[in-house]
Amino acid sequence: MIKGIDHIGIAVKSIAEAKKFWVDTLGLELLRIEDVPEQKVRVAMLKAGETTVELLEPTAPDSPVHKFIEKRGEGLHHVTFQTDKLAERLKALKTAGVNLIDERPRAGASGAGIAFLHPKSAHGVLVELCEPHD
Ligand code: CMX
């Protein structure tokens, strides 16, 4: 079952620049900054009450986030929902005709299993599912 929103991903050209608004002005707490080489991004995780905002800065020209910013500019990039039994859920979604970017869970930050669903199957929203590590 879907347990809630884990985080909201926002594509930015520069974490250092974006932090001036999100942290210094709006007041979200910076939890950590880490590189995610598999996705060719650097991420800043910001605490927003029960959930988290993830600023995504591309680290290579062929990063999906670089492509997104080139095409659409900075802005909302994806929404991540927490789920259990991710592998089973992906099979069920595939059977239901959903276009899966990841057919099997991949390793995400902090040992979580993650998988993306294509925005064409989700009314224009890139959806990420994550199953937190126990
Ligand atoms: N949200 C909504 N729509 C999106 C989108 C996004 N984030 N990214 C792309 N699209 C749309 C495009 O606008 C385009 O629509 P049209 O065909 O109507 O023009 C369509 O999807 C195809 O886009 P594209 O620019 O040709 O890009 P690709 O098909 O090469 O890649 C996607 C799109 C979603 C498959 C790719 O970005 C992907 O695999 N994403 C998952 C991985 C990822 O985003 N990683 C970064 C975050 C990692 C992290 O959180 O750690």
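Here the structure is shown first, and the text comes after it.
Residues numbered from 1 in each chain as written. Predicted model: local features only at pLDDT ≥ 70, side-chain atom pairs only at ≥ 80, totals over all residues. Heavy atoms only, no water.

Draft legend 1. Quick look at the environment of glutamate 57. Here glutamate 57 lies in strand E4 (residues 51–58). Accessibility expressed as a relative area gives 14% for glutamate 57, which makes it buried. On a C-alpha basis, the gap between glutamate 57 and valine 43 in space is 6.3 Å, while along the polypeptide they are 14 residues apart. Once you skip the residues sitting within four places of it in the chain, glutamate 57 turns out to touch Val12, Lys13, Ser14, Ile15, Ala16, Lys40, Val41 and Arg42. Engagement of the side chain of glutamate 57 in a polar contact is seen with the backbone nitrogen of isoleucine 15, the distance being 2.6 Å. (Helix = DSSP H or I, 4+ residues; strand = E, 2+ residues; numbered from the N terminus. Buried < 20%, exposed > 50% of the residue type's maximum accessible area, 1.4 Å probe, protein only. Contact = heavy atoms within 4.5 Å. Polar contact = N/O pair within 3.5 Å; in protein donor to acceptor, adjacent residues only side chain to side chain.)

Draft legend 2. Spatial organisation of the layout of surface pockets. Its volume calculated, the largest pocket comes out at about 1300 Å³. His77, His78, Phe116, Leu126 and Glu128 are, among the 47 residues lining the largest pocket, the residues nearest its centre. Broken down by element, the lining of the largest pocket gets its largest block of residues, 6 residues, from helix H2 (residues 64–72). The residue makeup of the lining of the largest pocket, split by class, is 23 nonpolar, 11 polar and 13 charged. (1 Å grid on protein atoms, 1.4 Å probe; cavity = no way out; pocket = protein on both sides within 12 Å on 5 of 7 lines; lining within 4 Å. Points joined across faces, edges and corners; volume = space filled by probe spheres on them. Nonpolar A, V, L, I, M, F, W, Y, C, P; charged D, E, K, R; others polar.)

Draft legend 3. Just the sheet that holds strand E5 (residues 75–83), in detail. With respect to topology, 8 strands assemble into an open sheet ordered E2-E3-E4-E1-E5-E8-E7-E6, the strand pairing being mixed. Either end of the sheet is taken by a strand with one partner, and the two such strands are strand E2 (29–36) and strand E6 (106–107). The sheet contact formed by strand E1 (residues 2–11) and E4 spans 5 bridges and is parallel. Within E4, the position partnered with isoleucine 10 by the bridge is leucine 55. Most of the contacts of helix H3 (residues 86–95) go to strand E7 (residues 113–117), to which it runs at about 15°, and overall it touches E1, E5, E7 and strand E8 (127–131). (Pairing = 2+ DSSP bridges. Axes fitted to C-alpha atoms, helices over the stretch in contact; angles between N-to-C directions.)

Draft legend 4. The arrangement of the pairing of E2 in detail. Taken together, the 7 bridges between E2 and strand E3 (residues 41–48) define a ladder with antiparallel strand orientation. Of the residues in E3, the one forming a bridge with isoleucine 33 is alanine 44. Counting the residues between successive antiparallel strands, the hairpin from E2 to E3 contains 4 residues, one of them, lysine 40, with a positive phi of roughly 55°.

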